[in-house]
Amino acid sequence: MNFNEIDLRLMYLKKKKESLFECEQDKKKIQCNNHKKVSVIVPSFKGEKHIINCLNSLKNQTLSKDLYEVIVVVNGEKDKSYERIKEFISENNLKNFILEYTETPSASNARNIGLDIANNEFITFIDDDDYVSRNYLSGMLEDAEEDSIVCSFFVDVCPSTKELKYDNYINNFVTHNSGIVEDNLNKMQPLLSTVAGKLVHKNIINNTRFNCSLISGEDVLFFSEISNRIKKIIVTHRRDVIYYRLLREGSISRKPLSFDFNVLQRLDVIRELNKLIYSKTNNYDTNFLKSRIKAQAGFIKKYIDKFPEERLKIIQIIRDDEEIKYFPFSFIFKQEKRLVFSYCFPPYNDPSGIVVMKRISEDFFNKGIISDVIHNSMNKIRKIDDSLMDFSEMFVDRKIEINAPQYFNYKAQISYAKESYKIAKQMHKKYKYKEIYSRVMWPGSHLAAFLYKLRFPKTYWVAEFSDPILYREGKIRKSGRFKYVDNFWFWLECITYLFSNKIIYTNKNQMEYMISYFPIKFLKRIIKKKSVVKKQPCLKKKYYNYNKYKYEFQKCKINIGYFGSFYKNRNISIIFEAINQLEDKVKKSIYIHVYTNNLEEINEYIIENKLLDIVKVNEYVDYFSFLNLCSNFDVLLVNDATTNNKISINPYLPSKYSDYSGSGTSIWAIIEDGSSLSYEKNIQYFSFVNSIESVVDAYNKIYNDFIKKA
């Protein structure tokens, strides 16, 4: 024998020895499994062609018969399978086999019946046309733990040729993670799409059952519902512990594209997953549930890729579904994107950033456009609101945060603009943005967009103003020695007027005022041509239940809510001063809830004016809690930013008004004559600034209206 032959012989003997050793170990482990028992649940619908092959594989298990039971649940219209199974059990004297029947044709219902009667601590599911290796149960029990799921290897079987195919997605994943114990559900989520090839302890399943209303995807939901009790996932190291899966024509991997399966049935599953995310007692890993939703959304993406003309129709179906609050639109729709420059953006809780977020969602639903966003860190001056991030990520593909100085002054804004432009220039190489959008309360946003527009002049630039920039409270805002020549704020408005393709103002007064004070007269005609008035977006009513906020309202009282700070130019102390002029019956029926960031200042005022029995001061809440609260108050109070006649026209419209108007709650506005707020039609009660009489009158009207309703 030559050296090569000797090597081969030695390798053979080594493998033979290892194999014999493994067999001895298997025998010992099977004996050691006495304390572990498993129930095998087999739902069968018209399975006469394959069921006996499945049952044979279970009959011939290496595991002792007293350590496992097989529960076969025949469901739906009876065929010959029931009698064949009954005969098979009788002929083989299988006392550990149980046969059940239900008229309901549902694998989920059949599995639930099996779960209800299962006697053993561990559960595994096998479909009637699949089968398992001889040591499947013993091998799975070998790794079984009370707080874990054990996963086996998968082999696909060709129905016609019986050829075994080891190269499949799940098997490749299992092979790559063989022998691994992992507590990261997100990492292991590919294994949690089917109950096949899994061993689960009864305590993990608990009272959870399969959702019989789902046509498909019930396994995904089942694992999602029990995911909060799964501590770890164990992938067996035994490569001979195999679940043999028959490749059926109707299997999900081989399903033909259809609107019903790829869209409607997937939305059914996504709807149920949303319920888990937004349940009152949500102790789930939200990121894991979102990954499950993304996996379902992938089927919708395949359908839209083939039928792009149905894109907006599907978007609108999801938009109008009251129970689908989270959907990963940015995961699916990437064909057409725009770039957004927004100095402030979620997760930072800032009114301007929130408006941009709502504008992005509005534009997506109207046009189907996903956005990329470049924003600045605001961690030193704004609180983080994670719920804003959860919402905005549905419509935002890429979000880049930079670390320019966090100040409103022109140096900080220029710094943001330069950094943003550098990043945007690199992103353009890949995405070739046809449209950019910027919104200014924070002026660096427009400057960044301008730099981008100069470099890529064919890009369509939409620029939105929230408030006047150059003039503040009737006075020019300076940044240099001269009125205009070296004034950053003047040039910011000027370049926006000159280079943008479309200018958005949030109200008519704002547009008229800003154009009126602009000093370059010949530009005014150009500005007017590209200017539009577009109200701040209002989210759909379903998002007012996005985050249900627990709060104790005063019973048998008219609960009035006010959200905001007590700025000098928005002082609402007049509503408290008017209380002493009310009749006792009106005064006793009123209770005012204030949500603000300047708690100490207002609490001092409330104590000083002996209003503790009428007013409760609360710390400001996150955005979606705010929306939920808005929908539960009896009346919402909003007030104008007063100009005190310093300027000819009031250009301000409180940003919270758009949120109030979508809540369905009655609105009480304290207005300055001729302001934008004074023209709004969705307001039930009006009072005037500096007029206690009008405030008293509003209280009385509110009281009378609620007495009538009662």
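Further up the page is the structure itself.
Since we're looking at a predicted model, the values are computed, not measured.

Draft legend 1. Just the side chain of N487, in detail. Within the secondary structure, N487 sits in the loop between β19 (475-476) and α18 (488-499). Since its relative accessible area comes to 0%, N487 is described here as buried. In this structure the side chain of N487 is engaged in a polar contact, spanning 2.9 Å, whose partner is the backbone nitrogen of W489.

Draft legend 2. Quick peek at the sheet that holds strand β4 (residues 122-125). The 8 strands lie next to each other as β3-β2-β1-β4-β10-β6-β11-β9, forming an open sheet whose pairing is mixed. At either end of the open sheet lies a strand with only one pairing partner, and these are β3 (97-102) and β9 (181-182). Contacts between helix α3 (residues 81-91) and the sheet are confined to β2 (68-75) and β3, with β3 contributing the most and set at about 165° to the helix. Packing of helix α4 (residues 107-117) onto the sheet brings it into contact with β1 (38-44), β2, β3 and β4, and relative to β2 it is tilted by some 145°.

Draft legend 3. Local environment of the pairing of strand β12 (residues 242-246). Of all 5 residues that make up β12, 4 are buried, and the element is covered over most of its length. Pairing of strand β5 (residues 131-132) with β12 involves 2 bridges; the strand directions are antiparallel. Considered in β12, the bridge of Y131 is made with Y244. Bridge count for strand β7 (residues 153-157) against β12 is 5 bridges, and the pairing is parallel. Residue pairing for β12: D156 is matched across the bridge by R245.

Draft legend 4. Representation of the state of the cysteines in the model. Scanning the model with the defined rule gives 0 disulfides in all. Its sulfur unpaired, C151 is 19 Å from the next cysteine sulfur, which belongs to C54. Take C151: its relative accessible area is 1%, and that puts it in the buried class.

Draft legend 5. The packing of aromatic side chains, seen in detail. Here the structure, examined in full by the defined rule, presents 59 aromatic pairs. Ring geometry for F563 and Y595: centres 4.7 Å apart, planes at 10°, overall stacked. Residue F563 is found in strand β22 (residues 558-563), and its partner Y595 is found in strand β23 (residues 590-596); the two are separated by 32 residues along the sequence. Overall, the relative accessible area of 0% leaves F563 in the buried class. Among the residues examined, Y595 registers a relative accessible area of 1% and is labelled buried. Consider the rings of F576 and Y605, whose centres lie 5.8 Å apart with planes at 45°: the pair is tilted. Linking F576 in helix α21 (residues 573-577) with Y605 in helix α23 (residues 599-608), this pair joins segments that are 29 residues apart in sequence. The class for F576 is buried, based on a relative accessible area of 2%.

What counts and what doesn't
- Throughout this description, residue numbers start from 1 for each chain and increase along the sequence as written.
- pLDDT decides what is reported in this predicted model: residues at 70 or higher carry local features, side-chain atom pairs at 80 or more are listed and counted, and totals for whole chains, interfaces and linings draw on all residues regardless.
- Values reported for side chains reflect all heavy atoms of the structure, with hydrogen atoms and water molecules removed beforehand.
- Strands here mean DSSP runs of E at least two residues long; helices mean DSSP runs of H or I at least four residues long; both are numbered from the N terminus.
- A 1.4 Å probe rolled over the protein chains alone gives each residue an accessible area, and that area as a share of the maximum for its type sets the label: buried under 20%, exposed over 50%, partly exposed in between.
- Counted as a polar contact is a pair of N or O atoms within 3.5 Å, where, for protein atoms, one must be capable of donating a hydrogen and the other of accepting one, and residues adjacent in sequence contribute only when both atoms are in side chains.
- By definition, two strands form a pair when at least two bridges between them are found by DSSP.
- Contacts are assigned to residue pairs with any non-hydrogen atoms lying within 4.5 Å of each other.
- The axes are straight lines fitted to the C-alpha atoms, using for helices just the contacting stretch, and the angles between their N-to-C directions are given from 0 to 180°.
- Any cysteine sulfur atom paired with another within 2.5 Å is treated as part of a disulfide.
- Aromatic pairing here means that ring centres of Phe, Tyr or Trp (its six-membered ring) are within 6.5 Å. Orientation follows from the plane angle: under 30 degrees is stacked, over 60 is edge-to-face, and everything else is tilted.

Spatial relationships are all this shows, so hold off on functional conclusions.
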